[in-house]
Amino acid sequence: MKREWGILALLIVLCALVTLLNPRFLGAANLQNMARLTGMYGIFSIGVGVVIITGGIDLSVGSIFALLGIVLAISLTEWGLPWPFAVLLVLSGAVALGLFHGALVTRLRIQPFIATLCGLLLYRGMARFIANDESKGFGAEGFETLRFLATGTVFGIPMPLILLLAIAAVAWVVLERSVYGRYLYAVGHNREAARYSGIRTNRVVAGAYVVSSFLAGVSAILLAFYTNSISPSTHGSFYELYGIAAAVLGGCSLRGGEGSVAGILVGAALLQVLQNLVNLLGIPSSLNFAVMGGVILIGVALDSILKRRRELRAREIELAG
C-alpha cells in the first residue's frame, strides 16, 4: 500500500506543477476530457492488471479495440442490429478471445507474451480484412444511448469515469474480498505452490484473461463512439502499453503476485496527466511513446530495486534468527 500512496503523492505534485506551468489545466473542459479518457483507459487497465497479478501479460488489447470496434460499427450500420444485440455480440466476442488466450497459456503452455503477441497481430489483420482496410464509423446521428455512455456527463462527471468507478468497485471486491482474488495473488506468487495447495491454477489464469478481454471489450465500445470512426490499421495501436504502464505504475509487479485496483486507478490518472502535460506545453506528440516507454522502464526498475531490498531484509532476519 505504501507504493500506492507514493504514486498518489506523485500525481498530486504533478497536477500542481502542470497548473503552475499552464493554468488551463484546471479548466472545466480540460478536466472533463481527462476524466473521460481516464475512465476509458482505466477500465481496460484493470483487466491488464489482473493478468499481470497472475504473472502474465496481455499485449493484444489494442488490436482487440480495432477488431471489436469494426464488428460494432458493421453490426450497427450495415447489419442493422439493435444496439443491445450489437453490444452483446461485441462483449461475447471479447469473452471468446479471453478464453482463447487462456487456453493457449494454460492448455498449450505457450508463454503469455507469445500468445498475446500472436493475438495482437492476428486481430489487427482480421480487423483490416473484415473492413477491407477501410475506416468504419457511426455517422453524426443515432445510437444516442451508446454515444451518451462514451461522451455524456451526469452532473458534470463524464460517463466513462462513472463506469470506471463502478467496475473498479466490483474489481476491488473480487480481488480483496473473494476467494478467487486470493487465488489470483497465490498463483502470481508461486504457481506450483498454489497448484499443490489445491488451487485450480489453470482456471484462475484463464479467468484472468477472460476478465482482461471483457474489460477491453467494454473500453472498445466507449472508444469507438468517442472517436466515432475506426481505422482498422491504427485504431487502438499501442494501447496495450497504456494498460501495462498504468498497472506497473500502480504497483503491479511484472513478476506477479502484487497489485491493487486503487493503484491501477492512480496509475491510469497519472498517465493522463502526463499526456495532458505534453499537450499543454506544446511538446511534440511524437514523444508520447517515449513517455510511455520511460514510465514502464522506471516502474520495472523500481520494482526490481524493491524486490532486492525485500530479499536482503528477509536474509538478514533469517540470519539474525
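Heads up: the structure comes first, above all this text.
The shown structure was predicted, so the numbers you read here are calculated from the model rather than taken from an experiment. (Residues numbered from 1 in each chain as written. Predicted model: local features only at pLDDT ≥ 70, side-chain atom pairs only at ≥ 80, totals over all residues. Heavy atoms only, no water.)

Asks: I would appreciate a short explanation of the overall build of the protein in the present structure.
Replies: Per the secondary structure count, the protein includes 13 helices and four strands. The C-alpha atoms of the protein give 20 Å as radius of gyration, which agrees with the globular expectation for 321 residues (20 Å, within 12%). Taking the principal axes of its C-alpha atoms as reference, the protein extends roughly 70 × 50 × 35 Å. Taking as baseline every contact in the protein between residues at least 6 positions apart, the subset at least 24 positions apart corresponds to 77%. (Helix = DSSP H or I, 4+ residues; strand = E, 2+ residues; numbered from the N terminus. Rg over C-alpha atoms; globule rule 2.2 N^0.38 Å. Contact = heavy atoms within 4.5 Å.)

Asks: What is the right way to read the environment of Arg109 from this model?
Replies: Considering the arrangement of structural elements, one finds Arg109 in the loop between helix H4 (83–106) and helix H5 (112–130). As for Arg109 and Gly119, which are separated by 10 residues in sequence, their C-alpha atoms are 15 Å apart.

Asks: Would you mind showing me how to read a positive patch on the surface here?
Replies: Residues Arg107, Arg109, Arg200 and Arg203 make up a contiguous surface patch of positive charge. Tracing the backbone shows Arg200 in the loop between helix H9 (191–196) and helix H10 (201–227). With relative accessibility at 54%, the residue Arg200 sits in the exposed group. (Patch = residues over 30% accessible without salt bridge, like charges linked within 9 Å, V, L, I, M, F, W, Y side chains within 5 Å. Areas by Shrake-Rupley, 256 points an atom, 1.4 Å probe, with all protein chains shown as cover. Salt bridge = Lys/Arg side-chain N within 4 Å of Asp/Glu carboxyl O. Lys, Arg positive; Asp, Glu negative; His and termini not counted. Charge placed at Lys NZ, Arg CZ, Asp CG, Glu CD. Buried < 20%, exposed > 50% of the residue type's maximum accessible area, 1.4 Å probe, protein only.)

Asks: Teacher, can you tell me more about the packing of helix H3 (residues 61–77) against H4 here?
Replies: The geometry of a pair of packed helices is captured by two quantities: the angle between their axes and the separation between those axes. Two numbers describe how H3 lies on H4: the axes approach to 9 Å, and their chain directions differ by 155°. Considered as vectors, H3 and H4 are oriented roughly antiparallel to each other. Here H3 runs over H4; the crossing is right-handed. In this structure, H3 uses Ile64, Leu67, Leu68, Val71, Leu72, Ser75 and Leu76 to contact H4, whose residues at the interface are Trp83, Ala86, Leu89, Val90, Ala94, Leu97 and His101. Grouping the constituent residues of the contact of H3 with H4 by class yields 12 nonpolar, two polar and no charged. (Axes fitted to C-alpha atoms, helices over the stretch in contact; angles between N-to-C directions. Parallel < 35°, antiparallel > 145°, perpendicular 65-115°, else oblique. Left-handed = near helix turned anticlockwise from the far one by under 90°. Nonpolar A, V, L, I, M, F, W, Y, C, P; charged D, E, K, R; others polar.)

Asks: Just to check I follow, could you spell out the packing of aromatic side chains for this structure?
Replies: For any two aromatic rings, the description comes down to two numbers: the centre-to-centre distance and the angle of the planes. Evaluation of the coordinates by the stated rule reveals 10 aromatic pairs. Taking the centre distance of 4.0 Å and the plane angle of 20° together, the rings of Phe138 and Phe225 count as stacked. Placement of the pair is Phe138 in the loop between strand E1 (136–137) and helix H6 (144–151) and Phe225 in helix H10, with a sequence separation of 87 residues. Of the residues examined, Phe225 reaches a relative accessible area of 3% and is grouped as buried. Between Tyr239 and Tyr242 the ring centres are 5.4 Å apart and the planes differ by 75°, which places this aromatic pair in the edge-to-face class. Linking Tyr239 with Tyr242, this pair stays in helix H11 (residues 239–249), spanning three residues, or about one helical turn. An aromatic cluster is present here, built from Tyr41, Phe44, Phe65, Tyr239 and Tyr242 joined pairwise through their rings. The ring of Tyr196 has Arg195 lying over it, and the distance from NZ or CZ to the ring centre is 4.7 Å. (Phe/Tyr/Trp six-rings, centres within 6.5 Å; stacked < 30°, edge-to-face > 60°. Lys NZ or Arg CZ within 6 Å of the ring centre and 35° of its normal.)

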